[in-house]
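Next come the chains, spelled out residue by residue.
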Amino acid sequence: MHIAVDWKDAPKNAVWWAVDAIGTAHWFMSPTVAAFTDFWFVDHVNAPLFGYEGDWRESLTKRPD
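What comes next concerns the included structure.

Rules behind the numbers
Residues numbered from 1 in each chain as written. Predicted model: local features only at pLDDT ≥ 70, side-chain atom pairs only at ≥ 80, totals over all residues. Heavy atoms only, no water. Pairing = 2+ DSSP bridges. Helix = DSSP H or I, 4+ residues; strand = E, 2+ residues; numbered from the N terminus. Patch = residues over 30% accessible without salt bridge, like charges linked within 9 Å, V, L, I, M, F, W, Y side chains within 5 Å. Areas by Shrake-Rupley, 256 points an atom, 1.4 Å probe, with all protein chains shown as cover. Salt bridge = Lys/Arg side-chain N within 4 Å of Asp/Glu carboxyl O. Phe/Tyr/Trp six-rings, centres within 6.5 Å; stacked < 30°, edge-to-face > 60°. Buried < 20%, exposed > 50% of the residue type's maximum accessible area, 1.4 Å probe, protein only.

Observations concerning the pairing of strand 1 (residues 14–19)
Part 1: Bridge count between strand 1 and strand 2 (residues 25–29): five bridges; the pairing is antiparallel. Along strand 2, the bridge assignment pairs V19 with A25.
Part 2: From the end of strand 1 to the start of strand 2, which pair antiparallel, there are five residues, and G23 there has a positive phi angle of about 90°.
Part 3: One ladder, built from two bridges, connects strand 1 with strand 6 (residues 61–62); its direction is antiparallel. Within strand 6, the position partnered with W16 by the bridge is K62.

Below, the structure is given as structure tokens:
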């Protein structure tokens, strides 16, 4: 978790912020179910790093309620 994530910069439907293994941060949107299918998918867009320098595996941060 990264407490410095500034959620005012996030897309309206972003639920999570995280850094991937190559060091790129992303906003992850709430999942949607594709029409006429039995699976769901999640969109993501690039996000600022907000100074994160930790292990990417520990970066997953949920939007505050």
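Read on, since the account is not over.
As for a nonpolar patch on the surface
Part 1: Among the surface-exposed residues, V33, W40 and V42 lie close enough to one another that they form a single nonpolar patch of about 320 Å² accessible area.
Part 2: Locating V33 in the fold gives a position in strand 3 (residues 32–33).

Some remarks on the sheet that holds strand 5 (residues 44–47)
Part 1: Taken together, four strands build an open sheet; the order of strands is 5-2-1-6 and the sheet is antiparallel. Only two strands of the sheet have a single partner each, and these edge strands are strand 5 and strand 6.
Part 2: Examined bridge by bridge, strand 2 and strand 5 share four bridges and lie antiparallel to one another. Note that in strand 5 the partner of W27 across the bridge is V45.

What to know about the packing of aromatic side chains
Part 1: In the structure shown here, the tally under the stated rule is four aromatic pairs.
Part 2: Measuring from centroid to centroid gives 5.9 Å for W17 and Y52, while their planes differ by 75°, and the two rings are edge-to-face. In this pair, W17 is assigned in strand 1 and Y52 in the loop between strand 5 and strand 6, connecting sequence segments 35 residues apart.
Part 3: Accessibility expressed as a relative area gives 13% for Y52, which makes it buried.

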